[in-house]
Each structure stands twice: as structure tokens, then as C-alpha cells.
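# Structure at a glance
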Amino acid sequence: TQAETLLEVSNIEVIYDHVILVLKGVSLKVPKGGITALLGGNGAGKTTTLKSISNLLRSERGEVTKGRITYMGEPIHDSDPSVLVRRGVIQVMEGRHCFEHLTVEENLLTGAYTLGVSKAEIQQNLELVYSYFPRLKERRKSQAGYTSGGEQQMLAIGRALMSKPEMILLDEPSMGLAPQLVEQIFRIVKSVNENEGVTFLLAEQNTNVALRYAHYGYILESGRVVMDGLAADLRENPDVKEFYLGMS
Ligand code: ATP
């Protein structure tokens, strides 16, 4: 049985500043309940793809000029970014972006803004986040700006989880982190996926780690998907081994 497609990107083209063609017809499918990896080197178009989905391109003078993006079968491109958030799609940006002057716990609480959620539920979500990230519980009273890179990545994911999302778009979770921490973050992503059923689409330059945790992968090169397949197959593919797995 095949899983339902939660998100589908069909042949999108993205142009920055009216002239710079960055995505040249990208298509991908994200099955509900899976971890899908968007792979490729620096500048391949991973972040642009995520921002096309979450409608965050406009502030960067970018525009989807062709193609279609659907979420649960309905077209979403050109809707307001908040529409997607309300429908349960949260993007965790590259570089983390916490509120530096707030504590770790206050940062987490800013993720729980969904209307109509009771205090008790927020408290429950907080405990759930702390169960995945015990480190955040230890650091809950610390000012976020003084936490480590790994803790800030945990915080960014934890904050996304506070809104009980259906799907998380995760941009480059490994960035700037030591290998052990990268492994730890991916293990947590996997257990959130398995236990909470959250669907992940993650952009990652670290092909090696991403293909060990994802179910399916798409490889982008200069704005095009050049290869896709089950993660287990991509790991064994000679071209992937030569061009991507050696690097990380
Ligand atoms: P990275 O890992 O560096 O984020 P990426 O695969 O996510 O790489 P993108 O950030 O999507 O790649 O960038 C794809 C291309 O688009 C790059 O050539 C980049 O220079 C260009 N680009 C990104 N943002 C803009 C922008 N706001 N205006 C013009 N060009 C941009």
C-alpha cells in the first residue's frame, strides 16, 4: 500500500529579482508520515524549494513563475504564509533564529500560538517537547542567545513541535554542528516522526546522515532534480557514492 501524498510540488520554476532563474522545473512528492530528504550541494536550490512551499519567497524578491504546489490535494502556492501555518505546516529556517533575549522556555511558548489552545494543552505540549529534548528542559531558564548551536537547533525544532504540526520543513539541521550532535538531532527527528506521525521534508547537504534517516531522497543540482529514489537505494547507487557520499 502506498502512503497518501501530503504535499506535491509539480514542475516549479522560481525566479529571483525578475531575472535569476534558480529552480528550473522541480517536482517532488512528500508522502504523509515519511521523512523525505532534499539533497544537493551549496546553491543547488534546496532552501528555495522549501521557501516556495512555505510561501516565504516574496520577501526575498523571489517568485514561483511556473508549476503548482498542492497540500492535501489543494493548491497552496500564492497563499499567505500564515494559511499554511494554520494548516499545520511549519518551516524551521536554516540558522535557527531563536529570540535571543528570551529564555529557552519562553521561546518554546512562542511556538504555541495556535488559536484556541488551552493552558493545559500548552503545558502538555511543553512536556512532550521536553521528553524529546531533555537538554532543553535542563536549559529552560537560560537565555536562548547563550545556548550552544546544538541547543538552538533543538530549540528551533522544539518550537515547531509546540504547535502540533502535521508537517515540518526543516532546513539544514546539521549546519555547523559536530557529527555527534548531528546524529543526535537526526535520531530525535526520526523518533518524532515515528511516535508523533509528523511528516518531514528536510533540506540537507550532509547526504550521508540524511540518507541514513530519511525514507526517500531527491538530489538537486543547479535547480533541477537529477535523481530520486528510496534512501536505501540511493545509498547504494555508485554515482551517489562517488559524488555525494564521499563529501560528508
Ligand atoms: P544552501 O545550502 O547554500 O542554502 P541551497 O541548495 O539551499 O543552498 P538556495 O539557497 O536555494 O540553495 O540557492 C539557490 C540559488 O539561488 C543560489 O545560486 C543562490 O545564489 C540563489 N539565490 C538564493 N536566494 C536568492 C535571492 N534572494 N536573490 C537572488 N538569488 C538568490
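Refer to the structure above for everything that follows.
Because the structure is a prediction, the values reported are computed rather than measured.

### Some remarks on the sheet that holds strand β4 (residues 62-71)
Read from one edge of the open sheet, 4 strands run β2-β1-β4-β5, paired in antiparallel fashion. Where the open sheet ends on each side, the last strands, each with one partner, are β2 (20-31) and β5 (74-75). One ladder, built from 9 bridges, connects strand β1 (residues 5-16) with β2; its direction is antiparallel. Each residue of the ladder has a partner; that of isoleucine 15, found in β2, is leucine 21.

### Examining unusual backbone geometry
Despite not being glycine, arginine 61 has its phi angle at roughly 60 degrees, a positive value. Position of arginine 61 relative to the elements: it lies in the loop between α1 (46-53) and β4. Here arginine 61 falls in the exposed class, since its relative accessible area comes to 57%. At serine 222, a position not held by glycine, the phi torsion is positive, near 40 degrees. By the secondary structure assignment, serine 222 is in the loop between β9 (216-221) and β10 (224-230).

Scoring rules and cut-offs
Residue numbering note: each chain is counted from 1, following its sequence as written. Confidence filtering applies because this is a predicted model: local features only for residues at pLDDT of at least 70, side-chain atom pairs given and counted only at 80 or more, and all residues used for totals across whole chains, interfaces and linings. Side-chain numbers come from the whole structure's heavy atoms, not from hydrogens or water. By definition, two strands form a pair when at least two bridges between them are found by DSSP. Numbered from the N terminus, helices here are DSSP runs of H or I no shorter than four residues, and strands are runs of E no shorter than two. Burial classes: relative accessible area under 20% of the type maximum marks a residue as buried, over 50% as exposed, and values in between as partly exposed (1.4 Å probe, protein chains only).

Function cannot be inferred from these measures alone, as they are strictly geometric.
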